Amino acid sequence: MSELVLRSTRVITPEGTRAASVAVAGGTITAVLPHDADASPGARIEDLGDDVLLPGLVDTHVHINEPGRSEWEGFRTATRAAAAGGITTLIDMPLNSLPPTTTVDHLRTKQEAAARAIHVDVGFWGGALPGNAGDLRPLHDAGVFGFKAFLSPSGVTEFPHLDQEQLARTLAEITGFGGLLLVHAEDPHQLAAAPRQGGPKYADFLAGRPRAAETTAVAHLLAQAKRLHARVHVLHLSSGDALPLIAAARAEGLPITVETCPHYLTLSAEEVPDGASAFKCCPPIREAANQEPLWQALADGTIDCVVTDHSPSTADLKTADFATAWGGISGLQLSLPVVWTEARRRGHGLDDVARWMSTRTARLAGLDRKGAIEAGRDADFAVLAPDETFTVDPAALHHRNQVTAYAGRTLYGVVKSAWLRGERIVADGEFTEPKGRLLRRTG
């Protein structure tokens, strides 16, 4: 007996887009029925008309920064922005909070901060640092979804990077208990050898983060992973040059997954104005021609998924000097319309977008109740008017510091509402009280 039925002429299901009625009871999808199916007696019917019903998005790469740097971002504001953008599940990165999520005690501190007020469900990645191999299994047992490591400096002193020997030890430890290692793959030697100069010119900054740094780091990572047949995930791939290496590793059966981000798919180096460090991130936004291989890799499955890498800071840290400005793009609330705007131009459908931003991200984290509209999954939904447009106004954004590289862009796709376990958490800009839960790895 369903309590709720959401009805739409366009429901994104694993079998494709179709007219359907989605029955919900106890926060779980119980059936996906024909559009005109009779509802259970007493069930509330929400008729969405021609608006598209998607599975709630799952963003597995978010820096929430609370506690310690909560003036940059916090759980209440980040999850509010996520809900407004149709994202119903977040996995928080182990930095840039203080403390970072590198011990079980630090995880508990993070969970206590999050439990105060979250609008969407939140889980946590652990961190792999030089010397903390003994903390990894306890963190795994405490429910983190995997571990993040850097192969080059992270930008914060409390989260140092791994050299190749440390990477080997860390990967062996994580593989020993069946865990997943997520890697920021830029080679520190390539970065050190690149030209360095400050100032407002984006081209100067870009020259200091060459494509070769990514390609070299990915090659080293794949070699280490092949030795152990380890599960590894390449974070925020920006360069198409590394894709042949990844495709070859996949062909050999290596369990590697890869993500990219909306800003790499839609923004280009050529359009960055002088001093506009809202566009600064690492690895960097590259030339427009580099977008083509990324989109092709999404289409053929070499790149698995699209995540935001939402990494905000206070506005004063986004100085006009690209050498010293904080590197990070704020994109939680806008990721769905940003990706959809470019995807539709390239002939992709919303079923593709849902696969990249919900189904595969849920699979990456092992969230078997998220990521699809089918019986047995959590009743998490985003409702989208895909043909409506809006112009990005930073003042309308819900993340803590209203800085965005997308300011002034006209985008397709207005998120009308979001639902978490069958309860509407935002509709037309109006939020309910926070209903999110803390998640932990169970598999």
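Enquirer: Just give me the short version of helix H7 (residues 211-228), but keep the residues and values in it.
Expert: Between its first and last C-alpha atoms H7 spans 27 Å; for 18 residues at 1.5 Å apiece the expected length is 26 Å, and the two agree. Listed in full, the buried residues belonging to H7 are Ala213, Glu214, Ala217, Val218, Leu221, Leu222, Gln224 and Ala225. Each buried residue of H7 lies within a common arc of 165° when the element is viewed along its axis, so the set occupies one face. In H7, the exposed residues that point more than 90 degrees away from the buried face are Lys226 and Arg227. Those residues of H7 that are buried are in contact with helix H4 (164-176), strand E11 (181-184), helix H5 (188-193), strand E12 (232-234), helix H8 (243-251) and strand E13 (256-260). Note on H7: the residue one or two positions beyond its end, histidine 229, has a positive phi of about 50°.

Enquirer: Explain the nonpolar core to me, and be specific about the residues and the numbers.
Expert: Phe147, Leu181, Val353 and Trp356 are the most contacted members of the largest nonpolar core, which totals 99 residues. With 6 residues, helix H1 (residues 75-84) is the single largest residue contributor to this core. Not counting the four nearest positions on each side in its chain, leucine 181 is found in contact with Ala128, Phe147, Ala149, Leu167, Thr170, Leu171, Ile174, Arg231, Val232 and His233. Val11, Leu48, Leu53 and Ala379 belong to the second-largest nonpolar core, a separate cluster that totals 14 residues.

Enquirer: Which residues make up the pattern of salt bridges, and what are the values?
Expert: Applying the stated criterion across every chain yields a total of 29 salt bridges. A salt bridge links lysine 370 to aspartate 121; the nearest nitrogen and oxygen atoms lie 2.7 Å apart. Pair noted here: lysine 370 is in the loop between helix H12 (350-365) and strand E15 (381-391) and aspartate 121 is in strand E8 (residues 121-124), with a separation of 249 residues, a long-range link. Comparing lysine 370 with aspartate 121, the two get one shared label, buried. Note that arginine 377 and glutamate 374 form a salt bridge whose closest N and O atoms lie 2.8 Å from each other. The structure contains a network of salt bridges with shared partners spanning Asp121, Arg369, Lys370, Asp378, Asp380 and Arg421.

Enquirer: Which residues make up the sheet that holds E11, and what are the values?
Expert: What the 6 strands build is an open sheet, ordered E9-E10-E11-E12-E13-E14; its pairing is parallel. The open sheet terminates on both sides in strands that have one partner only, identified here as strand E9 (126-127) and strand E14 (305-306). Looking at chain direction, E13 and E14 are connected through 2 bridges and run parallel. Residue pairing for E14: glutamate 259 is matched across the bridge by cysteine 305.

Reading guide: rules and limits
Residues numbered from 1 in each chain as written. Predicted model: local features only at pLDDT ≥ 70, side-chain atom pairs only at ≥ 80, totals over all residues. Heavy atoms only, no water. Helix = DSSP H or I, 4+ residues; strand = E, 2+ residues; numbered from the N terminus. Expected span 1.5 Å × (residues − 1). Buried < 20%, exposed > 50% of the residue type's maximum accessible area, 1.4 Å probe, protein only. Arc of directions from axis to C-beta. Contact = heavy atoms within 4.5 Å. Core = buried A, V, L, I, M, F, W, Y, C linked by side-chain atoms within 4.5 Å. Salt bridge = Lys/Arg side-chain N within 4 Å of Asp/Glu carboxyl O. Pairing = 2+ DSSP bridges.

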